[in-house]
Amino acid sequence: MNSKKPKKGATPPQRRSRSAANTKKEIGPSRPPANDFCIVGIGASAGGLEALQAFFDQMPSNEGLAFVLVQHLEANRHSLLGEILQRHTEMKVAGIESGMKVKPNHLYIAPPDRYVGLFHHTFQLVDKDTPLGIRLPIDYFFRSLSEEKKEKAICIVLSGAGSDGTLGLRAVKEAGGMTMVQDEKSARYDNMPRSAIATGSVDYILPVETMPQQLLKYIRHPYVLTPVPEETLEAAPPPDYFERVFFILRSQTGHDFTHYKRNTIVRRIQRRMAVHQIDDLKSYVRFLEQRKEEVQTLFKELLIGVTCFFRDPDSFEAFKTKVIPRIFDQKRGDQPIRIWDAGCSTGEEIYSIGILLAEESERRRQELKVQIFATDIDNAALDVARAGLYPESIAADVSAARLKRFFVREGRSFRIQKEIREMVVFAKQDVIKDPPFSRLDFIICRNLLIYFASPLQKRIIPLFHYTLNPGGILMLGPSESIGEFAELFTLLDKKWKIFFKKNIVPMVDLPNIPLIRPMTKPSPKINSKGGRPNNVVQLTEKVLLNSYAPPSVVINERHDIVHIQGKTRPYLELPSGEASFNILKMVRDELRIELRTAIHRASKEGSKVVHPNLRIRENGKTYAFNLVIQPLNADGADGLILVVFDPLKTKAEAEKEPPGAPSKVDRRIVSLENELNSTKESLQTTIEELETSNEELKSTNEEMQSTNEEMQSTNEELETSKEELQSINEELVTVNSELQMKLDELSQSNDDMTNLLASTEVGTLFLDRHLRIKRFTPATTQIMNLIPTDLGRPLSDITGTLMYDDLNRDAEQVLNTLAFKEKELQTRSGEWYRMRALPYRTGENVIEGVIIIFIPITGLKKALQAAEVARQYGAALLNALTEPTLILSRSLQVLDANEAYYQECKASKEETLGQPLFTLAGGQWNRPKLKQAIETVFSDHQSVYNFEVEDEFEKIGRKRLRLSAKKTPPIDGIGTLLILTVRT
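All figures in this text were calculated on a predicted structure; none of them were measured in a lab. (Residues numbered from 1 in each chain as written. Predicted model: local features only at pLDDT ≥ 70, side-chain atom pairs only at ≥ 80, totals over all residues. Heavy atoms only, no water.)

K.L.:
How do you make sense of empty space enclosed by the protein when you look at a structure like this?
P.N.:
To locate leftover empty space, one rolls a probe as large as a water molecule over the atoms. Per the stated rule, a full pass over the model turns up two cavities of 30 Å³ or more. A volume near 30 Å³ is recorded for the second largest cavity. What lines the second largest cavity is H255, D256, Y260, I377, D430 and I432. (1 Å grid on protein atoms, 1.4 Å probe; cavity = no way out; pocket = protein on both sides within 12 Å on 5 of 7 lines; lining within 4 Å. Points joined across faces, edges and corners; volume = space filled by probe spheres on them.)

K.L.:
Would you explain helix 24 (residues 807–817) in this entry?
P.N.:
Looking only at helix 24, the buried set comprises L807, D810, A811 and V814. Around the axis of helix 24, the buried residues are gathered within 100° of arc, so they sit on the same side. In helix 24, those exposed residues whose orientation departs by more than 90 degrees from the buried face are N816 and T817. Of the surrounding elements, those touching the buried residues of helix 24 are strand 25 (763–768), strand 27 (821–826), strand 28 (832–841) and strand 29 (847–856). Residue L818 follows helix 24 closely and has a positive phi angle near 60°. (Buried < 20%, exposed > 50% of the residue type's maximum accessible area, 1.4 Å probe, protein only. Helix = DSSP H or I, 4+ residues; strand = E, 2+ residues; numbered from the N terminus. Arc of directions from axis to C-beta. Contact = heavy atoms within 4.5 Å.)

K.L.:
Help me understand a negative patch on the surface, please; the structure alone is not making it clear to me.
P.N.:
A grouping of E716, E717, E719, E723 and E724 is seen on the molecular surface, where their side chains present a negatively charged patch. Structurally, E723 can be placed in helix 23 (residues 664–759). (Patch = residues over 30% accessible without salt bridge, like charges linked within 9 Å, V, L, I, M, F, W, Y side chains within 5 Å. Areas by Shrake-Rupley, 256 points an atom, 1.4 Å probe, with all protein chains shown as cover. Salt bridge = Lys/Arg side-chain N within 4 Å of Asp/Glu carboxyl O. Lys, Arg positive; Asp, Glu negative; His and termini not counted. Charge placed at Lys NZ, Arg CZ, Asp CG, Glu CD.)

K.L.:
Before we go on, may I ask you to explain the side chain of H106 in this structure?
P.N.:
Its place among the elements puts H106 in strand 4 (residues 106–109). Residue H106 is classed as buried on the basis of its relative accessible area, which comes to 17%. Within the structure, the side chain of H106 is placed 2.8 Å from the backbone oxygen of P104, a separation counted as a polar contact. With near-sequence residues (within four places) excluded, H106 lies in contact with L65, A66, F67, M91 and K92. (Polar contact = N/O pair within 3.5 Å; in protein donor to acceptor, adjacent residues only side chain to side chain.)

K.L.:
Sorry, what's going on with the sheet that holds strand 4 here?
P.N.:
Either a parallel or an antiparallel arrangement is found when strands of a sheet pair, and the pairing is made through backbone hydrogen bonds. An order of 3-4-2-1-7-8-9 is seen for the seven strands of this open sheet, with the pairing classed as parallel. The outermost strands of the open sheet, each flanked by one partner alone, are strand 3 (92–95) and strand 9 (204–206). Between one strand axis and the next, the sheet turns through 20° on average, direction left out of account. The pairing of strand 3 with strand 4 spans four bridges and is classified as parallel. Bridging from a neighbouring strand, A94 pairs with Y108 of strand 4. (Pairing = 2+ DSSP bridges. Axes fitted to C-alpha atoms, helices over the stretch in contact; angles between N-to-C directions.)

K.L.:
Mind showing me how you'd approach a nonpolar patch on the surface here?
P.N.:
A cluster of nonpolar side chains, namely L725, I728 and L732, defines an oily patch on the protein surface of about 300 Å² accessible area. Owing to a relative accessible area of 52%, L732 belongs among the exposed residues under this scheme.

K.L.:
For this particular structure, what's the right way to read the environment of I787?
P.N.:
With respect to the helices, strands and loops of the structure, I787 is situated in the loop between strand 26 (773–776) and helix 24. Considering only alpha carbons, one finds I787 and F776, eleven residues apart in sequence, at a separation of 9.5 Å.

K.L.:
Teacher, can you tell me more about the pairing of strand 13 (residues 407–410) here?
P.N.:
Along any regular strand, the residues point their side chains to alternate faces of the sheet. As defined by bridge partners, strand 13 adjoins strand 14 (residues 413–416) across four bridges and the pair is classed as antiparallel. Considered in strand 14, the bridge of E410 is made with S413. Between the end of strand 13 and the start of strand 14, which pair antiparallel, lie two residues, with G411 showing a positive phi angle near 65°.

K.L.:
How should the pairing of strand 21 (residues 561–565) be read in this particular structure?
P.N.:
As paired elements, strand 20 (residues 552–555) and strand 21 share four bridges and run antiparallel to each other. If you follow V553 over to strand 21, its bridge partner there is I564. The hairpin turn running from strand 20 into strand 21, its antiparallel successor, is five residues long, and H559 in that turn takes a positive phi close to 70°.

K.L.:
So what exactly am I meant to see when it comes to the confidence of the model for the protein chain here?
P.N.:
Parts of the model with low pLDDT should not have their predicted coordinates read in detail. Looking at the protein chain as a whole, its pLDDT mean stands at 79, while 83% of the residues score no less than 70. Of all helices and strands in the protein chain, the one with the weakest mean pLDDT is helix 1 (residues 18–27) (37), whereas strand 7 (residues 153–157) scores best (94). Overall, residues 230–237 carries pLDDT values under 50, and its contacts beyond four positions in sequence, including any with other chains, amount to eleven contacts. Within the model, pLDDT remains below 50 along residues 512–534, and this stretch shows 30 contacts once partners closer than five positions in the same chain are excluded. (pLDDT = per-residue confidence, 0-100.)

K.L.:
Help me understand the sheet that holds strand 24 (residues 641–647), please; the structure alone is not making it clear to me.
P.N.:
Strands sit in the order 21-20-24-23-22 across an open sheet of five strands; the sheet is antiparallel. Lying at the two open borders of the sheet, with one neighbouring strand each, are strand 21 and strand 22 (609–618). The mean inter-strand angle of the sheet, taken between neighbouring strand axes irrespective of direction, is 20°. In terms of strand pairing, strand 23 (residues 621–631) meets strand 24 through seven bridges, oriented antiparallel. Counterpart to N626 in the pairing with strand 24 is D646.

K.L.:
Honestly, the nonpolar core in this entry has me stumped. Any pointers?
P.N.:
Note that soluble globular proteins tend to have their nonpolar side chains buried in a common cluster. Counting 47 residues, the largest nonpolar core has F257, I269, Y284, F452 and F464 as its most contacted members. Contributions of two or more residues to this core are made by helix 9 (239–253), helix 10 (262–275), helix 11 (281–290), helix 12 (292–303), strand 10 (337–342), strand 16 (440–445), helix 18 (454–467) and strand 17 (468–476). Among residues more than four places away in sequence, those in contact with Y284 are I269, R272, M273, I278, E294 and L298. Listed in part, the 45 residues of the second largest apolar core include F328, A358, L368 and I372. (Core = buried A, V, L, I, M, F, W, Y, C linked by side-chain atoms within 4.5 Å.)

K.L.:
What should I look at first to understand the environment of Y204 in this one?
P.N.:
Tracing the sequence through the fold places Y204 in strand 9. Separated by 23 residues in sequence, Y204 and V181 have C-alpha atoms that sit 6.3 Å apart. Ignoring any residue separated from it by four or fewer positions in sequence, one finds Y204 in contact with M178, T179, M180, V181, Q214, Y218, A274, V275 and H276. Here Q214 takes part through its side chain, which lies 3.4 Å from a polar atom of the side chain of Y204. Only 2.5 Å separates the side chain of Y204 from the backbone oxygen of V275, close enough to count as a polar contact.

K.L.:
How should the pattern of salt bridges be read in this particular structure?
P.N.:
Side chains that differ in charge, positive against negative, can pair when their charged atoms come close. The final tally for this structure, using the stated rule, is 41 salt bridges. The partner of R143 in a salt bridge is D397, and the shortest N-O contact between them spans 2.8 Å. On the criterion of sequence distance, the pair formed by R143 in helix 4 (residues 137–149) and D397 in the loop between strand 12 (389–391) and helix 16 (400–406) is long-range, its members being 254 residues apart. With a shortest N-O distance of 2.8 Å, E174 and R311 are connected by a salt bridge.

K.L.:
Could you clarify how one ought to interpret the packing of aromatic side chains in this entry?
P.N.:
One pair of aromatic rings is described through two measures. These are the centre distance and the angle between the planes. Per the counting criterion, the structure on display carries 22 aromatic pairs. With 5.5 Å between their ring centres and 75° between their planes, F56 and F67 make a pair best called edge-to-face. Placement of the pair is F56 in helix 2 (residues 48–58) and F67 in strand 2 (residues 66–71), with a sequence separation of eleven residues. Classification of F56 by relative accessible area gives buried; the value is 1%. Summarising the aromatic geometry, the rings of W340 and F437 are spaced 5.5 Å apart at their centres and angled 70° between planes, so their arrangement reads as edge-to-face. Residue W340 is located in strand 10, and its partner F437 is located in the loop between strand 15 (424–428) and strand 16; the two are separated by 97 residues in the primary sequence. Here the aromatic residues F309, Y351, Y390, F407, F414 and F426 are joined through ring pairs into a cluster of three or more. If you follow R326 out to its NZ or CZ, it ends over the ring of F500, 4.5 Å from the centre. (Phe/Tyr/Trp six-rings, centres within 6.5 Å; stacked < 30°, edge-to-face > 60°. Lys NZ or Arg CZ within 6 Å of the ring centre and 35° of its normal.)

Below, the structure written as structure tokens:
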């Protein structure tokens, strides 16, 4: 029967479709080596059983995968899930136990009362922590899976209520794994799939029946099957295709990833290739060119924008104890705290910082203005951050107290409170090319620099130093460092990479955005770091170069000097007139021809050129030297040429003639020939340079025309912008008028409220969350000794006329329990008030304090006391009568009776008071004529006199009773009464 577990090698049960069986046969097995197999985590809740059955009906059992199923179940509930799923798969189904080894081709089911984690391919069970009643076992396992298996982690979210699995799915995506979610339309309950899809981190959104086919295709891709070691990643893809990928990304997103770490880029591209089943980079480049949506998806994956609240709790504890106190201690008066979060992603990190700042402000009772600038280059992430709405699964990272204090629940989500949201300004910014913020007290840039190559890191660290105030603090990720810039910062926390700024001024390459592209290539810098040498080796090299190396300069392709080494005074001098660093203008006249010719030859041939034994005279002194011209062929030195003036050691060496030297006449001829050859070369050089200059001028003219067209287009855009600004200005005027009207209405409402509170005799006291006085009505001053300057003072500091000392304690209880309190209190002058304390709720249903109301009840108290005196007087008068007497209401119920009645009729108060008249005396007064007579008394203002009733009574024997009845005038609040006397 189908209910039994299939035997090994047996055909699948008949309930599986034929197509499913064919699918398994076509795909075939692929067994990975031990501990190198993929683990598939499946999260499901309500409606998940049907989805699981359909999934495993289509999933082959010998593909080398391990499946771990996590569901939402009651802690003590016995589940038959394992027995049910065993009918739909040939894999072994087992419940998870702590320490159990994970094996391929097995389906493991998590226990309902524990969290499941992975450590070195063994299961670890952890007791559940349930803040606010929320349990997130799926998130917990997905996160553990991502840490354990990296790119071999796979997570699947099926039908279910809530948002469990959302944050764990993002963690799997960050680690390089694959994410798959059931199509919302096919899910019985779509809350969990919809929450996961909203993250933008899902690779496949499929019906359950098609998931196994896509899963098996994915695990057979080289990215998963044979991952490339990290040390060989950079050499794996052809560099030209890499450049094309970067070009496509920059064309569509405006961001250049050239200087990001190559291994990270390669792994992310390989992951996208695996998702689309593309085996080579050339095909993927074509795919990118054809699919704009894939470019955006790749862009988001390269950003790796995954974060959570209080990520690495110990790091935030370090921030709380080591950073926040320094920031608060440095602030005085109205100075704001300025913070920059570079790479804020979806905002969880910066909101966590805002929460800690708010807590410190409350603890110190120090209200400081906080300005937080949170930036990122991902618009979608910034939209999420601005909304401040997060799934309820953040309860795994945020304590119950903080959820209650800083979040407002909206359905199955939590929204950050307005108090924290208003601290933060979110903006799109590229830290590489956009201008930074300034005058900052704290910069946090966690897990961003690890994706940058060394040139970008060397540029950004000094930039951070530049933007910080003196003593400002920088916090990096645990895997990041400031590298060779240790001289700029002092280490504050080694583990969590917290530094504070030293008062050193480094060379900073500030980002800028030119309006027009420069027509000529800027000169590269020889010293990328600039500034002074920062270690002993550099200092030694500088001393040796200054002492022993010949004078030399480095020039660019325009013959401008970009670097000078040694004393060049005899050979170069500043020209008169406009200052210039062009070497042909600075060189001595007698050297200009040789220098120009040598530079031209060296540039043209790309080789070293030497002019030996040249001489110049200055102040009667002769300088003999060799002129050496050599191109610099190093990386980053394109177009640079080294010019060396190598002096001959001594005068004798310069004038010494070798054996067999020619005569003076011959030397003169040789000199003239050399000069003629030099002149010819110089002339040829001049002609070539003139031709080059003509071509450059022609190109420059074309560029100028193009620039002119661009300027004209820019001018038209500026005109359009001017019109738009004028339109916006008109809209702003309209909005300002509306705001002014609203302000007038608000002012009128405030005046109305002030007059209402002032005119009422009810005393009202408004307190904030710290039980400090916010406002009070004039009537309150009769009860408590309040004056206008008491605003902002704690309630406990105020004395009053009340004979009651626990008012502050009552307010604290209302704030903590949110239950109102009501008591009657008396002042020392004898006045009575009903005190009512209630929580103060804002329009967002947030508790912001307490309201205490004092209602005067002195008149009511006096009336009650008078009524009590009158009642006692009436009772005494009634008991003074010797005849049995009853007081009856309009409904003929006994309201009171005197002692003579109880003694004469042998009745008790319990069986008399509140009883109908005609049930007394065993019901023997229940006679139609008596009823008619009494009704006549009420209707016709008559009296009943000596109505006789003779009968055998149970307690007093046979008696003849004479009843008399008389109506009283109406009494306020009571009405008409009937006085009935009984005579024997």
